[in-house]
Amino acid sequence: MTVPGLRALVPLPLLLGGGESLLHNGEARNANGWTPNGPAELFEHDRSVGCAAQGALRIRRPPGADSTPYNWFQRAELPRKTPRRLELCVQLLTSGFAPGSEACAMVQVCPESGPPLSYAWANQVRTDGGWTETRAVFDVPEGARHVNVLAYLTGTGTVWFDDFVLEETEKPLTASPVNAGDPATEALARRAASQIPWLFSGEAARARARKEAKPVLVYVRCTDDAEGLESARRSIEAVDLPLAEDGYAKDLLFRAAVLAAPEIADLVARRTVPLCVTYELASARGDPDLPAGWNHTPGAAGVAFRVDGAVGAAQPGSLRIDGAASGEPTPHNWRQVAQAPAELPARCRLSARIRAEGLVQGSEACVIVNCFDARGQMLSHTRLPEVRADTDWRAADTSFQVPEGCQSLLVMAYLVGAGTAWFDDLSIELRGARVRSPELLRNGGLDERGAGLEGFALDPAQVTTPALVLADAEGRVLRKLHRIGTLSEDQVDHWLRSALAEAGPPSRARKAADLYRDGELERVLALTEGRSDTESRLLWARAQVRLGALERAEATLGESTSGAARAVRAWIALRRGEWEAARTLLDQATPDLEGEDRLAARYWSAWCSALLGNHAEALARWRELVDSASGAAAESPTRFRAAACLLDAGPRPFLAATTRAWPRTPDLGEETEGPYGASYDRARSTVALLELQRDDGSFGSHQGIEGLGYVDPAVTAIALRALARVEPGLPSGLAERSRAARARALAYLEDYAAREQPSFRALDPFNLAYVVLALLELDAKGPCAALLARMQALQLADGNWTVYHAERPASFNTALCLLALRRAEEAGLEVPAGARDRALAALEAMRQAGGLFPYSTAPGHEWMTTPHGSIARDPLCEEALLACGRGSRELLAAALERFLAHHAELRAPTKRLYDYFNQRGHGGYYFFFAHDNALRAARAYAPPELVREVEARTRAAVLAAMEGDGTWMDKFLLGRAYGTAMALLILE
């Protein structure tokens, strides 16, 4: 019998059974033998903590840390007689973990030189807990010479590693964690759309466009990962960008779902000069006319920022701030973040020229520099002499020291009060340092104007990436397709062909097959119509499918039973959303097809399985397609697309994309919503939602392991309520299908209630509230007792709840949990003693002047608590108080009036590449959250005329945001299931 935790109590030599661990200092008596890989301040040998004995390797990362996997590292040489199989065992202790944090020990099995031959991961730990043994048993492939052991932490929290053992074993292999990733599959997926001959230089693309008389198709993407930026700027694969990085996930999703499609790839390669442009998100925030390198704080009323091209010190061009006429004490500033010098401490010289006009008493212009460490703590502060009166250009400089531990310098050129200030020739020079460039600031002389992306008249701040932009050889933008929600080959194909027709000239091809590849479908029809040969009839039918004339295409095929004809019929079924018929036709066609056509049939057959709810079967089919490819098929774009569907940590194309025919409109829209949205069709949208249900009954996001996303219980609960709402208005067959889906979703939520699952723990308060509210609405009270007990256990000491950490209570989460507790009381359930009253007091204490509720009371959130920035949570919080008899109908009415005044702002940040808060304090996921909260609160407690206004405005906003396939989304990676379910709740 194995006693849990025995390894931690037995002396190490006895554990080895007379053998020897391949690792040095596995007991972590000190840090000898181990190398920290990351900022030194994150790593420490902790002598006060240990498992079997005192001493452990510690990594501690502050709140808000990114996903970089910093690690302790050791290389273990393999003996001359290489072991066949090894076991790695490591003890872990974790504390302070936030959503997305993860600790793990992994191994890389390596040859003498070159990349690793194989990988293995021990159990991954994502929540706080005591000493836990993690292990991995893995085979050592032929040619291996050493093993790298990496004990890593990603995200926020502290982890201690102790008692490492790496020894030969005969134990059975352990399965790698499903989200650890398969490097081979990931490498294949990264190659999606690599068949397009991308350029990565705007200058080269424009030169070629002039030579070949073609427009440039700019594929725009961006990243927040500065270290991987250069990789993305020189290859479509961007091998140095993490797979799970938000920007890369969306980029890969678009490439695998759309740009890898042969017909689109052919069109891009033959008719355009394809250019891939990647920008760093940090350099593109702010206003469209920002100069290169510079950003600024959001202006208050009457405060304006601009580049003054007519005024400058040495030459025209300067940073200008116009202060409000009334004056105010807030220092509005131009700003730039510069990297600290490599050698610290360092002596620097700060200099600038400042001009001022119209300054009133109390106004002030100045340039300051603050030095920060890796945790965001300010280490030092330096300023130039202040300008407090009107002056022509005044030169000023000062020396300062950049201290040890400094990671970045924040430079701010500011104006306080009324008047106008100009800043030019800003500089931070290193004194006496041995570096190539002594200048730390970029574009301090305002010589770089920020002409756009790679010389095209395109401002990245105004484009939601991924995006397609058609431009001419001079850099002028002809058409844009961005704010992409539901990915659709049909829509992108239609946009490309129409945009190219407008840009001209037409294809020079003469053969029908080449014209088809060039997208000249009307000319294809003219050449093939009436011909009786098989090739012409098939080409004619395929052109009709791309044009949306499905009935005509079907009639053309007649009674033909060839594999090619069945494949076209399958595409007709795919465009109609008839997945069972399409799968049958594809399976029948596959034996008669060859090459890429055969691979495509296998791929789309698996796709149909997924949309029929058989995700496990679909994944198995895609895995077979990836693993069985050889020869020319190994380089197939279809194989790369299948690999993307298999990624454990990446996006799911079959949850994000659609093959349905896209509505044709007179306007060539720039996005997938708005003009593409047909009138609301309850049945069509319900069918689309049902297709997004997973094998285990859940609904969830585009990302993550099947059924194990962080907010899947909440999304499933919302979908369950939505289906119950729409069922009375559905045709009988569809209503029956909806009831079956609801039964599966309910079983999933009952399982969630019965077993606290680590993957949900970080966001459990959010999930718990939505699940309890859904179960009570549907009179399924059984699981609620366990859910309410968990809710009480997660309540913070101050009565709030959070989805982050204890220092960051979230008003909206407290309100949701309070509503759930109140609804449970009304349903006759026993609510945990004191939980409701403590939550009620906490939420009341959060209400600020004017009835505004902050996102959080944690420092740093004050700027979001404004009449416009609070509209997503104010009605919810006031509703929760009113439900408990403590709110104010007057304050709720005022909150709803603020919502009506500002709710149009909520659409702008939706589907952005990164779903952080914009300058107005809104996130992409606010759209449905805010409209649902306002509508529910109004119906419960507002006067009738206000209810009618909220209902009308909410319905109009939601309908305007509908995608062309009848689904909705706001946060791109949260996905279609959440957006569609929320929209159905609001509309019904």
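Per chain, residue numbering runs from 1 following the sequence as it is written. In view of the model being predicted, local features appear only for residues whose pLDDT reaches at least 70, and side-chain atom pairs are presented and counted only at 80 or more, with totals across whole chains, interfaces and linings using the full set of residues. Hydrogen atoms and water are omitted, and side-chain values are computed over all heavy atoms in the structure.

Student: For this particular structure, what's the right way to read the overall build of the protein chain?
Tutor: A count of helical and extended segments in the protein chain gives 30 helices and 26 strands. The reference for a compact globule is 2.2 Å times residues^0.38; the radius of gyration itself is calculated from the C-alpha atoms. What you see for the protein chain is a C-alpha radius of gyration of 30 Å, in line with the 30 Å of a compact globule of 988 residues. Taken over the C-alpha atoms alone, the protein chain extends approximately 85 × 80 × 70 Å along its principal axes. By residue count, 57% of the 988 residues in the protein chain fall in the buried class. Residue pairs in contact within the protein chain that sit at least 24 positions apart in sequence constitute 72% of those at least 6 positions apart. If you sum the accessible surface of the protein chain, you get close to 38800 Å²; carbon and sulfur atoms cover 50% of it. Each helix is a run of DSSP H or I of at least 4 residues and each strand a run of E of at least 2, with the numbering of both proceeding from the N terminus. Burial classification: accessible surface area is computed with a 1.4 Å probe over protein chains only, and a residue below 20% of its type maximum counts as buried, one above 50% as exposed, and the rest as partly exposed. Between two residues, a contact is recorded if the distance between any of their heavy atoms is within 4.5 Å. For accessible areas, the Shrake-Rupley method is used with a probe of radius 1.4 Å. Any residue's cover is judged against the shown protein chains and nothing else.

Student: For this particular structure, what's the right way to read the nonpolar core?
Tutor: One recurring pattern in soluble globular proteins is that nonpolar side chains are buried together. What is meant by a nonpolar core is a set of buried Ala, Val, Leu, Ile, Met, Phe, Trp, Tyr and Cys residues, joined one to another through side-chain atoms within 4.5 Å. Counting residues in hydrophobic clusters, the biggest one holds 182 residues, and the most contacted among them are Phe-254, Leu-468, Leu-487, Trp-495, Trp-622, Tyr-770 and Phe-928. By size, the runner-up hydrophobic cluster in this structure holds 45 residues, among which are Ala-324, Ala-338, Cys-366 and Phe-400.

Student: In this structure, what is going on with the pattern of salt bridges? I would like to understand it.
Tutor: Where charged atoms from two side chains of opposite charge come close, those side chains can pair. The term salt bridge refers to a side-chain nitrogen of Lys or Arg lying within 4 Å of a carboxyl oxygen of Asp or Glu. A complete count under the given rule lists 77 salt bridges for this structure. In this structure, Arg-58 engages Asp-46 in a salt bridge whose closest nitrogen and oxygen atoms are separated by 3.7 Å. Residue Arg-58 is located in strand E3 (residues 54-61), and its partner Asp-46 is located in strand E2 (residues 43-50); the two are separated by 12 residues in the primary sequence. Classification of Arg-58 as buried rests on a relative accessible area of 11%. Note on Asp-46: relative accessible area 8%, which makes it buried. When the shortest N-O distance is used, the salt bridge between Arg-546 and Glu-263 registers 3.8 Å. Here Arg-546 is found in helix H10 (residues 534-547), whereas its partner Glu-263 is found in helix H6 (residues 262-271), with 283 residues between them in sequence. The network of salt bridges with common partners includes Arg-822, Arg-823, Glu-825, Glu-826, Arg-836, Asp-837, Glu-879, Asp-932 and Arg-936.

Student: Is there a simple way to think about the sheet that holds E2 in this case?
Tutor: Hydrogen bonds along the backbone pair up the strands of a sheet, which may run parallel or antiparallel. Taking strand neighbours across the sheet as the criterion, the 5 strands line up as E2-E3-E10-E5-E8 in an open arrangement whose pairing is antiparallel. Strands at the two margins of the open sheet, each flanked by one partner only, are E2 and strand E8 (129-139). Recorded for the sheet is a direction-independent mean angle of 35 degrees between the axes of neighbouring strands. The criterion for strand pairing is that DSSP finds at least two bridges linking the strands in question. The pairing of E2 with E3 spans 5 bridges and is antiparallel. Bridge pairing in E3 places Glu-44 opposite Arg-58. Whenever a helix is involved, its axis is fitted only over the stretch in contact; in every case the axis is a line through C-alpha atoms, and angles between N-to-C directions fall within 0 to 180 degrees.

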